[in-house]
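Understanding the architecture of this molecule
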Amino acid sequence: MKRGISSMLPSRLNRLLSVIAASVLAVAAMVAPARAAAFDPIGTEPVAPYALPADTALPQRGCTTTLADPKNAAGSIQAVQVIYAWHEGNGNNYEMYAERIARIVDRMDWLLDESTNYDQHINLSCRTGHATGTYSGYARALVVPEKIENGVIGGETDPFVIADDLAAAGYDSGNRRYLVFEDFNGTATAHCGPVCVATTDDWDSATMMHELIHLHDVDHAKVSEVPNSFSLNDVMISQYNDWQIDQEFNTYYDPSETSALFYTSSYPDTRKVNLASFPPFTTPVCCDVGYSNDALTAQERTIESDAPYGFPTGFTVTGGGWMQVTPPGADGQVSARYYDGRRSLTMNVQAHAEGLVSVTRRPAVTAGQRYKFFARLTTGTSGDVKLRMSWYNASNTLLSASDSAVHSLSSGWQEYSVSAIAPAGAATVRLSVVSPAGQTFAYVLDSLQLNHCNNGRTTDGCRLNG
Ligand SMILES: [Zn+2]
């Protein structure tokens, strides 16, 4: 059923948690079908962090590969095959929906590309026999109809039935992920066996993208370092509102470093993923303007590469204090038990001087442009810190510094940030967490990020906190 959970098996519950979260709203949103057919699959497009373009302004992804027989993809590139699935209960409405589905798929490609400053796209498989010079022809080349013979009339059709039907019909290639738009009571889910299907009976780009992303073994988005806490602004948890993909570059998607892997779920789950290397996607190419970006390396963002008690590679301490990779300890304080490779940096603050933990490498900046530095911090006791961006010219001379307010740290992981415009002559920036002199305590640091605030769509051009 649309956004429903009534028939879900426990083993599928985890992947469908976001469906559960939205189910209360969904009940209120259900309306009577506006047409003669008994089932209305049309969903609502997400609008956050900003609206998707109108149809007239929507880039057309187009066919990446075209086959004479879409059931024979042997030797083809890895790609997505789009299926319009129907059964006798609601009839075959292919002609009514082919272009509608193509628009949704184009929106999926748009949101992947727009999420970050990297160009990345979905490889789409088309069939011959349709003139792709018109949108009508493109849609019919892209979207293939398939009758689900064992579809349940008067009830909910299970995704396993869909996968079995496709395989029996010959849609059984390992080079394909099958994107199945159900024109009947079905489920929003992702499933592999005997073929990999992302299905939904609630047709909008973010819901279908959410399910396609699950096929790369990505779990629902968590807040880095906050145990069992879901990120509220991500296509992998709130796809009914949000389309952006891992805006912090640290949970499941980092197109800037495709070899980096991130823990996608809660301890003790050990799966590590990076959606940027999903085979049906193109290789990411830098750079354009997208919703989020990051000028740090995965190690600078996550402090992942060193063992507990070790020296945090890529960081430098000056002044009052000393650092180490956080040792094992209580769950709530030790991010080594959670995301980002389950490592974090502990700064042991000493009273004799202001203490700074800095990213050793100074990323390049452009004078006159706005930048925003984010970090998550917590303490088991209490103490004050601020974030600082120190601007240097091309001769490595310090020009000035931009500080955040002083924050009193809490026992919960919170994200702090500082935003400023790079001054005239600035060529690089040093990122630091600063503890004012006179304190003796320890804090834990993780989830750093440096945004170039150039998206032009949000208040200061940077991604939002959260
Ligand atoms: Zn899900």
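The residue count restarts for each chain, going from 1 along the sequence in the order it is written. Local features in this predicted model are restricted to residues of pLDDT 70 or higher, and side-chain atom pairs are both shown and tallied only at a pLDDT of 80 or more, whereas totals for entire chains, interfaces and linings draw on every residue. Heavy atoms throughout the structure, all of them, feed into the side-chain values; hydrogens and water do not.

1. Details of helix α5 (residues 205–214)
The condition is simple: Accessible area is worked out with a 1.4 Å probe on protein chains only. A residue is then buried under 20% of its type maximum, exposed over 50%, and partly exposed in between. By the criteria applied, helices consist of DSSP H or I runs no shorter than four residues and strands consist of E runs no shorter than two, each listed in order from the N terminus. A 3.5 Å cut-off defines polar contacts: any pair of N or O atoms within that distance qualifies, except that in protein one atom must be a possible hydrogen donor and the other a possible acceptor, and neighbouring residues in sequence count only when both atoms are side-chain atoms.
Of all 10 residues in α5, 10 are buried, a share of seventy percent or more. The set of residues buried in α5 consists of Ser205, Ala206, Thr207, Met208, Met209, His210, Glu211, Leu212, Ile213 and His214. Two or three places before Ala206, at the start of α5, stands the capping residue Asp204, its side-chain oxygen 3.2 Å from that residue's backbone nitrogen.

2. What about the sheet that holds strand β16 (residues 370–379)?
Quick note on the threshold: For two strands to count as paired, DSSP must find a minimum of two bridges between them. A fitted line through C-alpha atoms serves as each axis, taken over the contacting stretch for helices, and the angle formed by two N-to-C directions is quoted from 0 to 180°.
The strand order β13-β14-β22-β16-β20 describes an open sheet built from five strands, whose pairing is antiparallel. With partners counted over all chains shown, the strands left at the sheet margins are β13 (321–325) and β20 (414–421), one partner each. The sheet shows a mean angle of 30° between the axes of neighbouring strands, direction not considered. Inspection of the sheet shows β16 paired to strand β22 (residues 441–452) by eight bridges, in the antiparallel sense. Note that in β22 the partner of Phe373 across the bridge is Leu450.

3. Some words on the side chain of Thr200
Inclusion rule: By definition in these notes, contact holds between two residues if any of their heavy atoms fall within 4.5 Å.
Considering the arrangement of structural elements, one finds Thr200 in strand β8 (residues 196–200). Judged by its relative accessible area of 0%, Thr200 falls in the buried class. The residues touching Thr200, leaving out its near neighbours within four places in the chain, are Val180, Phe181, Glu182, Thr187, Ala188, Thr207 and Met208.

4. Here's the deal with the state of the cysteines
Short version of the rule: Here, the term disulfide refers to a pair of cysteine sulfur atoms separated by no more than 2.5 Å.
One pass over the structure, following the stated rule, counts four disulfides. The disulfide partner of Cys63 is Cys126, and the gap between their sulfur atoms is 2.1 Å. Sign of the S-S torsion, about -85° for the bond between Cys63 and Cys126, identifies this disulfide as left-handed. You can see Cys63 sitting in the loop between α1 (17–29) and β1 (65–67) and its partner Cys126 sitting in strand β4 (residues 125–127), a full 63 residues away along the chain. The disulfide bridge from Cys286 ends at Cys287, spanning 1.3 Å between sulfur atoms. Taking the sign of the S-S torsion, 50° for the link of Cys286 and Cys287, the bridge is right-handed. By sequence order of its bonded cysteines, the protein chain has the disulfide arrangement 1-2, 3-4, 5-6, 7-8.

5. Let's talk about the confidence of the model for the protein chain
We apply this condition: pLDDT runs from 0 to 100 and stands for how confident the predictor is about each residue.
The pLDDT averaged across the protein chain works out to 90; a share of 89% of its residues lies at or above 70. When the criterion is pLDDT under 50, residues 3–36 qualifies, and its contacts beyond four places in sequence or with other chains add up to 53 contacts.

6. Here we look at the nonpolar core
Nonpolar side chains in soluble globular proteins generally cluster together in the buried interior. To keep it simple, the criterion reads: We call a set of buried Ala, Val, Leu, Ile, Met, Phe, Trp, Tyr and Cys residues a nonpolar core when their side-chain atoms join them within 4.5 Å.
One finds Leu179, Met209, Leu212, Ile245 and Tyr252 to be the most contacted residues of the largest nonpolar core, which totals 52 residues. For this core, the elements supplying multiple residues, two or more each, are β2 (79–86), α2 (94–114), α3 (135–142), β6 (176–182) and α5. Here this core takes 11 residues from α2, the largest share from any one element. Discounting residues that sit within four places of it in the chain, Leu212 has contacts with Val80, Met108, Arg177, Leu179, Ala198, Phe278 and Phe281. Grouped together as the second largest cluster of nonpolar side chains are 32 residues, Phe315, Val359, Leu431 and Leu445 included.

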